[in-house]
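Architecture at a glance
What follows is each chain in one-letter form.
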Amino acid sequence: MNHLPVLIPITLLFSAFFIPLAGFVKRELAFVIALAGVFLSLLFSAAGLFTVITAGEIRYHLGGWPPPVGIEYALDGLSAFMATVVTSVGTLVLVYSRRSILREVPERFVPMYALLMLLLAGLCGIIVTADLFNLFVFLEIASLSAYALMAVGDERGSLASFRYLMLGSIAGSFYVLGVGFLYFSTGSLNMADVAQLLPAVHHSRAVVAAVILIFTGLGLKMALFPLHLWLPDVYTYAPSAVSGLIAPLMTKVAAYAIVRISLTVFQPHYLHDVLPVTPVIAWLGAAGILYGSIMAIAQSDFRRMLAYSSVSQIGYIGLGIGLANPLGLIGALLHILNHAFMKACLFLVAGSIRFRTGRWEVSSFAGLGRKMPWTMAAFTVSALSMVGIPPAAGFFSKWYLLLGGIDRGNWFFVVTILLSSLLTAVYFFRVLEQVYAGRSEESAFKNVSDPPASMLFPTIILGAGVLVLGLLNSIIVSRVLELVVAPLNEPRG
Amino acid sequence: MMRFAMNYYDLMTAALLVIGLYGMVGKRNLLKKVIGMNIFQTAIFLFFIQGGTKPGATVPVWDPRIASEAAGYINPLPHVLILTAIVVSVATTGVALALLITIYRRYGSLEEATILERMRKSS
């Protein structure tokens, strides 16, 4: 049996357990183990993706118990793709994190790495598991480590984290309650098995309740408008390295869980025609796109602006999922990948600015373009990609979403996507103008330069990655994503 | 296993869910919010545990009189699931209380309005 599916989260879990022990011996060992763990996990994910493309999906029975009795882990196109995204962004942010954590919270160095590893293990677990209850356990592992990580930073972080904990535990509880309804209706927890048993009980009230509870719970975790209220404070007050990891990954993995459950457990036509869940997600996504963009324009704090921009970008992903046609879903999945790279890059830039100048008010960024040329070059590329200017990656995912909207014949969505690109341009060009054309007070940034190499390289690689992903998008779509969305092409039954 | 009729347990579950949700959303004291969260999660435990019961069945320990007749034992799987969920709930409560301690040390209160006011003054 191929062990790759279980190796991805287990490597991360083990490194999380060894980090506190190693931290007693020598503090720096914690960082080394964390980096080794996440890099190994990246190799396993890449090997998994390669195997899935060449030889088909991998199914792994935990402890040798075949489903539906045992827990099953599965790597198919979708989960191998997501695992690779998460571990590659995770590796880059981890390289960056060392200097940033040493500056911001030096006394918590070792526990920070243990928690970061637990967070990544939880996210990878959500991705590889094919069991509904196991997904809940990993969701809570990821959330619990996120609550702790967010409270470490700023003074106001604790209250923001507490509010997120309240909403997060409601979300988790809704999800597990929904799973309970599904279990008592079908008698199984294995995703593929539930999918087989469901059609017989499609119209029962218990299944309807399950659908509503599960999607509300995951929507909260994904921060889909109007369930995004926890997000801005949390992204703003967390330490830079933490928001650099949570902002690009956490909400995207929840979005992945929604895609996984609507593709694997419920049939797409059930969620669209019988119980209109996907249209609701699409409209909420469209509302989130506009709301997030407008709120982002109103912010003066750079990190808060990025947080609201995340609300808007999550709206794109929701819109793509909600369109429930192949083009829309390709757009959503491509946007998960692109946004993970863009947002990681932007938050790392925000962290670098804080590292060198201690500022995050956009109005105080004047003249930084000359002082931090490489950091700002990476920022420019990501900003242009967020706006959706070709050859940057963001253009292509928006293009697929547009095609999906046209395919659905919904012109409101098409207009929303185009209009939001303009709004995005407004808030990013405002920053770019400050950075490059703003009148600088020479005295303020006397000793400011690009951050040290360990922080600069991940930022530049992510920035370059945005361009590379843009150029390679046709390969990603034809090799991976078209296989993933194949079930949507089947005639509606 | 199709059962969404109103019985005693479902009513209790629904009542506890509503009370817990009210505590988390409606109460202004952070500690009361944590208590609400615990009530909310307990409702879910009750829902799962009662789902495993069958009329006339006994505990799922091997009994020679029932032998391998599955209908004679209650379903142990929901209980095992809820054991995991209880661990999750304990961990969540622990993290929540730890956060409350840091909040209390900084702002000297657990009343949301007072904290927000002191936060505004300090910034």
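Sequence positions are assigned chain by chain, starting from 1 and proceeding in written order. The naming scheme follows written order: chains are lettered A onward, ligands numbered 1 onward. Restriction of local features to residues with pLDDT of at least 70 applies here, the model being predicted, together with a cutoff of 80 or more for giving and counting side-chain atom pairs; totals for whole chains, interfaces and linings are based on all residues. Only hydrogens and water are removed before side-chain values are computed, so all heavy atoms of the structure are retained for them.

Some thoughts on the overall build of chain B
- Check the secondary structure of chain B and you find four helices and zero strands.
- A run of DSSP states H or I qualifies as a helix once it reaches four residues; a run of E qualifies as a strand once it reaches two. Both are numbered from the N-terminal end. Reading the helices (α) and strands (β) of chain B from amino to carboxyl end gives α-α-α-α.
- At 21 Å, chain B has a C-alpha radius of gyration far larger than the 14 Å of a compact globule built from 123 residues.
- Principal axes of the C-alpha set define a box for chain B whose edges measure 70 × 30 × 15 Å.
- Only protein chains enter the area calculation, which uses a 1.4 Å probe; residues under 20% of their type maximum are buried, those over 50% are exposed, and those in between are partly exposed. Classification of the 123 residues of chain B by burial places 37% in the buried group.
- Whether two residues are in contact is decided by their heavy atoms: any pair within 4.5 Å suffices. Considering only intrachain contacts with a sequence separation of at least 6, the fraction spanning at least 24 residues in chain B is 47%.
- Positive and negative side-chain charges of chain B, numbering 12 and 6 respectively, have mean locations separated by a distance of 12 Å. Using C-alpha atoms as the atom set, the radius of gyration is obtained and then compared with a globule rule of 2.2 Å times the number of residues to the power 0.38. Residues scored as charged are limited to Lys and Arg (positive) and Asp and Glu (negative), so that His and the chain ends carry no count. To locate a charge, the coordinates of NZ of Lys, CZ of Arg, CG of Asp or CD of Glu are taken.

Focus: the overall build of chain A
- What chain A contains, in helices and strands, is 21 helices and two strands.
- Against the compact-globule benchmark of 23 Å for 493 residues, chain A has a radius of gyration of 21 Å, which places it among compact chains.
- Principal-axis analysis of the C-alpha atoms gives chain A an extent of 75 × 60 × 45 Å.
- With 493 residues in all, chain A has 66% of them scored as buried.
- Taking all contacts inside chain A whose residues are at least 6 apart in sequence as the whole, residues at least 24 apart take part in 81%.
- A distance of 8 Å separates the average location of the 28 positive side-chain charges in chain A from that of its 22 negative side-chain charges.

Quick word on the interface of chain B and chain A
- Across the boundary between the two partners, chain B contributes 39 residues, which contact 33 residues of chain A.
- By definition, the buried area sums, over both parts, the 1.4 Å-probe accessible area that each loses when the two are put together. Carbon and sulfur atoms supply 81% of the area that chain B and chain A bury against each other, a total of about 3300 Å² over both sides.
- By definition, a salt bridge exists where a carboxyl oxygen of Asp or Glu is found within 4 Å of a side-chain nitrogen of Lys or Arg. If you look at where chain B meets chain A, you find one salt bridge.
- The salt bridge partner of A:R163 is B:E112, with a shortest N-O separation of 3.3 Å.

Examining the nonpolar core
Residues and elements named next belong to chain A.
- Residues enter a nonpolar core if they are buried and are Ala, Val, Leu, Ile, Met, Phe, Trp, Tyr or Cys, with the set joined through side-chain atoms within 4.5 Å. One finds F81, L132, F266, F302 and F379 to be the most contacted residues of the largest nonpolar core, which totals 208 residues.
- At 19 residues, the largest contribution of residues to this core is made by helix 14 (residues 326-357).
- Aside from chain neighbours lying at most four places away, what touches F81 is L49, D76, L333, L337, I476, V480 and L481.
- The next biggest cluster of nonpolar side chains, apart from the first, holds 11 residues, and it includes Y316, L323, L401 and I417.

What about the side chain of A:T278?
All names here are of chain A.
- Along the chain, the position of T278 falls in helix 12 (residues 277-297).
- T278 sits in the buried class, given a relative accessible area of 5%.
- If near-sequence neighbours (up to four positions away) are discounted, T278 is found in contact with L271, H272, I321, G322 and A324.

Re the packing of aromatic side chains
Residue and element names in this part refer to chain A.
- Stacked, edge-to-face and tilted labels apply to pairs of Phe, Tyr and Trp rings (six-membered ring for Trp) whose centres lie within 6.5 Å, assigned for plane angles under 30 degrees, over 60, and everything in between, in that order. For the structure on display, the rule yields 25 aromatic pairs over all chains.
- Centroid distance Y235 to F347: 5.8 Å. Interplanar angle 90°. Geometry classified as edge-to-face. Of this pair, Y235 sits in helix 9 (residues 231-237) while F347 is found in helix 14, placing the two residues 112 residues apart along the sequence.
- Seen in terms of ring centroids, F395 and W399 are 6.1 Å apart; in terms of plane orientation they differ by 20°. Their pairing is stacked. Placement of the pair is F395 and W399 together in helix 17 (residues 393-408), with a separation of four residues, close to one helical turn.

Examining unusual backbone geometry
Residues and elements named next belong to chain A.
- A cis amide bond links F225 to the next residue, P226, at an omega of 0°.
- Here P226 shows up in the loop between helix 8 (205-222) and helix 9.
- Geometrically, the link from P390 to P391 is a cis peptide bond, its omega value of -5° lying close to zero.
- Relative to the elements of secondary structure, P391 occurs in the loop between helix 16 (373-387) and helix 17.
- Positive phi, normally seen in glycine, also occurs at A223, with a value near 65°.
- As for its position among the elements, A223 is in the loop between helix 8 and helix 9.
- Non-glycine residue A324 carries a positive phi angle of around 55°.
- Secondary-structure assignment places A324 in the loop between helix 13 (302-323) and helix 14.
- For A324, a relative accessible area of 8% translates into the label buried.

Focus: the pairing of strand 1 (residues 58-61) of chain A
All names here are of chain A.
- Residues I58 and Y60 point to one face of strand 1 and are all buried, whereas R59 and H61, pointing to the other face, are not buried.
- Should DSSP find at least two bridges between two strands, the strands are regarded as paired. As defined by bridge partners, strand 1 adjoins strand 2 (residues 72-75) across four bridges and the pair is classed as antiparallel. In the sheet register, I58 faces strand 2, and the bridge partner there is L75.

Overview of the pattern of salt bridges
All names here are of chain A.
- In total, this model carries 11 salt bridges over all chains according to the counting rule given.
- For E72, the salt bridge is made with R59, and the minimal N-O distance between the two is 2.9 Å. Of this pair, E72 sits in strand 2 while R59 sits in strand 1; the two residues are 13 residues apart in sequence, bridging distant segments of the chain.
- Classification of E72 by relative accessible area gives buried; the value is 5%.
- Among the charged side chains, a network of salt bridges with common partners joins E57, R59 and E72.

Some points on helix 8 of chain A
All names here are of chain A.
- Across its 18 residues, helix 8 extends 25 Å between first and last C-alpha, which sits within 8% of the 26 Å expected from 1.5 Å per residue.
- With respect to burial, helix 8 is a largely interior element, 14 of its 18 residues being buried.
- Downstream of helix 8 by one or two residues, A223 has phi in the positive range, about 65°. To estimate the expected span of a helix, subtract one from its residue number and multiply by 1.5 Å.

So, helix 19 (residues 453-471) of chain A
All names here are of chain A.
- A rise of 1.5 Å per residue sets the reference length of helix 19, with its 19 residues, at 27 Å; its end C-alpha atoms lie 26 Å apart and thus fit the reference within 8%.
- Those residues of helix 19 not exposed but buried are M455, L456, P458, T459, L462, G463, G465, V466, L469 and G470.
- Buried positions along helix 19 lie against helix 3 (77-104), helix 14, helix 16, helix 17 and helix 20 (473-484).

Thoughts on a nonpolar patch on the surface
All names here are of chain A.
- A cluster of nonpolar side chains, I10, F14, F17, F18 and L21, forms an exposed patch at the surface whose accessible area comes to about 510 Å².
- Position of F17 among the secondary structure elements: in helix 1 (residues 4-25).
- Look at F17 and you get exposed, because its relative accessible area is 53%. Surface patches are drawn from residues lacking salt bridges whose relative accessible area is over 30%; two like charges belong together within 9 Å, two nonpolar side chains (Val, Leu, Ile, Met, Phe, Trp, Tyr) within 5 Å. For accessible areas, the Shrake-Rupley method is used with a probe of radius 1.4 Å. Any residue's cover is judged against the shown protein chains and nothing else.

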